[in-house]
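# Architecture and fold: a report
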Amino acid sequence: MMDWEVVIGLEIHAQLATRSKIFSGAATAYGAPPNTQACLVDLAYPGVLPVLNAEAVRMAVKFGLAIGAQISERSIFARKNYFYPDLPKGYQISQYEQPVVGRGSITIALDDGEAKTIGITRAHLEEDAGKSLHEGLANASGIDLNRAGTPLLEIVSEPDMRSAKEAVAYMKKLHMLVRYLEICDGNMQEGSFRCDANVSVRPRGERKFGTRAEIKNLNSFRFVEKAIQHEVARQIDLIESGGHVVQETRLYDSDKDETRSMRSKEEANDYRYFPDPDLLPLAIDREFIEAVRTTLPELPDQKAARFASAFQLSAYDAQVLSASREMGAYFEAVVEHVGAAQAKLAANWVMGELSSALNRDGLEIDATRVGSRSLGGLLQRIIDGTISGKIAKEVFEAMWSEGREADAIIEAKGLRQITDDGAIARAIDTVIAANPQQLADYRAGKDKLFGFFVGQVMKATGGKANPAQLNALLKAKLGGG
Amino acid sequence: MSLTRQEVEKIAHLARLRITEQEMPVYVHSLSAIVEFVDQLAKADVAGVAPMAHPLAGQTQRLRADEVTETDRHEKYQANAPAVQAGLYLVPRVIE
């Protein structure tokens, strides 16, 4: 059996978070009733002219700067010609030669912790098409043009990825980046962030690329991974059984977990691009670029590096905590409360209890039921010895469900840790007296029974005995002291 | 440069034009004549001439502020449409 190498390049369409469309003053809000946000420009009425949205240009430049790309001082809009009912003009305004953003790159983390640089060939501005709906209509399709003219940034990668996992890592990194930059809401269910994958295989060691297929309609990270895995297996089977891959567009069907050929798109592959005479060349001067540069936030990699060095966190922890601006801000607010020396404790709680509570309830961090100040307050009580880490989890659950502060819950439930030696000693005496057989066995050398006694005393004190004190006292008493 | 019949058929298909058997030779001939006429440009010496993307040399695209200036007037716009249902424009069924 031949050893195959997989080669993947992705084209990602990110809807830019502008209020109005790229070439018209119609709104871009998601979910409006059909065609209520489609104006004469979007509908391609005769005599209308497109006028470019400055904010879309600013967002594209912001992205370009974040990936270290060359920004074109002069770029051109072109018509991409094809016929489809949801494209009223018969062409999509896009960019072909001279896109606004040139070559750049981003870094992804591989499973083994190594970093890999993925080249970005270009990113260009274009308009989205409308939507075709088929359900509930007999022998007809319904066209909703609300989405027509929504600004898109199409981000084209180099064929630098070598597995479905790498492709997903790249896509996740871009997703994180556009949200950090606040240029795209990243909502994949609503189609704000979509992906087409170019996939080919070649014998390992071969320098020439194999023939590629383009898979469309990938609107979740999981689908990207599954569709690529499926397509790779299909191509290898095909070649090994004597066939050959044809260059074509394939559609991923998530219900059947398979890709199938889209013949209609093949016929349309001759797009006859030419410069759009309705739009003059776009000029972007140095001053504009530098003004945009000043609006760049701390980027994910920078934030992760700062977390790792300032708070002595592992690379993994730092990455998880900088996965979104909101997560990073929350973590930093907790650290501010408990002090940098306790950053690791804060990290554990944000990634542990907090994240699992958010996941369980399907909430984003900005909808958390325990705010950063409240979590900081809880951690203070662990740090000052009022409660143990174990009890703190119980307190956290109560904070989450009741919306009260840690101190109020500790008081109301009487969860304050027992730190009085006398009280702990009394509990130990009672437990020892009730378990003479275990005591005898322990003294005869069954050391493992120490854990049994710890458990019994904890049970007797409702889990509130200070663990360190309990251990020391118990050791002394079991030893016969 | 003259066009072949196959090329004219492809262009017609891409443009969604139906050309009859009788019309085909006429199109092959006249389209070829147009292409040959324009082809004279290929003889021009353009060394040192920067490519233009637009005839209005030196002018650049004006930008507009990101503001919603359009209101919902779909009923008025849809008065022209042959078929509408629940706010959707209806077209012959297209499905992948």
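About the cut-offs
- Residues numbered from 1 in each chain as written.
- Chains lettered and ligands numbered in written order.
- Predicted model: local features only at pLDDT ≥ 70, side-chain atom pairs only at ≥ 80, totals over all residues.
- Heavy atoms only, no water.
- Helix = DSSP H or I, 4+ residues; strand = E, 2+ residues; numbered from the N terminus.
- Buried < 20%, exposed > 50% of the residue type's maximum accessible area, 1.4 Å probe, protein only.
- Domains from an automatic or database assignment.
- Buried area = accessible area lost by both parts, 1.4 Å probe.
- Salt bridge = Lys/Arg side-chain N within 4 Å of Asp/Glu carboxyl O.
- Polar contact = N/O pair within 3.5 Å; in protein donor to acceptor, adjacent residues only side chain to side chain.
- Phe/Tyr/Trp six-rings, centres within 6.5 Å; stacked < 30°, edge-to-face > 60°.
- Lys NZ or Arg CZ within 6 Å of the ring centre and 35° of its normal.
- Contact = heavy atoms within 4.5 Å.
- Nonpolar A, V, L, I, M, F, W, Y, C, P; charged D, E, K, R; others polar.
- Pairing = 2+ DSSP bridges.

### A short note on unusual backbone geometry
All names here are of chain A. Even without glycine at this site, Gln-98 takes up a positive phi of about 55°. Along the polypeptide, Gln-98 turns up in the loop between β5 (91-94) and β6 (104-109). Assessed through its relative accessible area of 36%, Gln-98 is described here as partly exposed.

### Quick notes on the domain arrangement of chain A
Residue and element names in this part refer to chain A. Structurally, chain A comprises domain 1 (4-292), domain 2 (300-413) and domain 3 (421-480). Its C-alpha centre places domain 1 at a distance of 37 Å from the equivalent point of domain 2. Broken down residue by residue, the surface that domain 1 buries against domain 2 is led by Lys-173, Met-176 and Tyr-180, which jointly contribute 68%. Scanning the region where domain 1 abuts domain 2 turns up two salt bridges. A salt bridge links Asp-301 to Lys-173; the nearest nitrogen and oxygen atoms lie 2.7 Å apart. On inspection of domain 1 and its partner domain 2, the count reaches four residue pairs in polar contact (both at pLDDT 80 or more). Those elements giving two or more residues to the side of domain 1 that touches domain 2 turn out to be β6 and α2 (164-180).

### Quick look at the packing of aromatic side chains
Residue and element names in this part refer to chain A. For the structure shown, the criterion picks out 13 aromatic pairs over all chains. Taking 5.7 Å as the distance between ring centres and 55° as the angle between the ring planes, the aromatic pair formed by Phe-223 and Tyr-252 counts as tilted. Taken as a pair, Phe-223 in helix α3 (residues 221-240) and Tyr-252 in strand β13 (residues 248-253) lie far apart in primary sequence, 29 residues in all. Seen from their ring centres, Phe-307 and Phe-311 are 5.8 Å apart, and the 40° between their planes marks the pair as tilted. The buried category is assigned to Phe-311, whose relative accessible area is 12%. Put simply, the rings of Tyr-82, Tyr-96, Tyr-271 and Tyr-273 touch in pairs and so form one group of aromatic residues. Over the face of the ring belonging to Phe-450 we find Lys-475, whose NZ or CZ atom lies 5.1 Å from the ring centre.

### Some thoughts on the pattern of salt bridges
Scanning all chains against the criterion turns up 40 salt bridges over all chains. A salt bridge links Glu248(A) to Arg250(A), with the nearest nitrogen and oxygen atoms 2.6 Å apart. No difference in accessibility class separates Glu248(A) from Arg250(A), as the two residues are buried. Here Arg5(B) ties to Glu21(B) by a salt bridge, and the two come within 2.9 Å at their closest N and O atoms. Of this pair, Arg5(B) sits in helix α1 (residues 5-14) while Glu21(B) sits in the loop between α1 and α2 (24-39), and the two are 16 residues apart along the sequence. Look at Arg5(B) and you get partly exposed, because its relative accessible area is 32%. The network of salt bridges with common partners includes Asp3(A), Glu5(A), Arg162(A), Arg202(A) and Arg204(A).

### A look at the interface of chain B and chain A
A common measure of how large an interface is: the accessible area buried when the components associate. Contacts between the two partners involve 38 residues from chain B, matched on the other side by 56 residues from chain A. For the pairing of chain B and chain A, the buried interface totals around 4000 Å² over both sides, and the portion due to carbon and sulfur atoms is 59%. Linking chain B with chain A are one salt bridge. A salt bridge links Asp270(A) to Lys10(B), with the shortest nitrogen-to-oxygen separation between them at 2.9 Å. If you list the elements that add at least two residues to the side of chain B that touches chain A, you get α1, β1 (63-64), α3 (74-78) and β3 (88-92) of chain B. At five residues, β3(B) tops the list of elements feeding residues into the side of chain B that touches chain A. Residues of the side of chain B that touches chain A, tallied by class, amount to 17 nonpolar, eleven polar and ten charged. Judged from the two bridges that link them, strand β2 (residues 52-53) of chain A and β1(B) form a sheet pairing that is parallel. Within the sheet, the bridge partner assigned to Asn53(A) lies in β1(B) and is Arg64(B).

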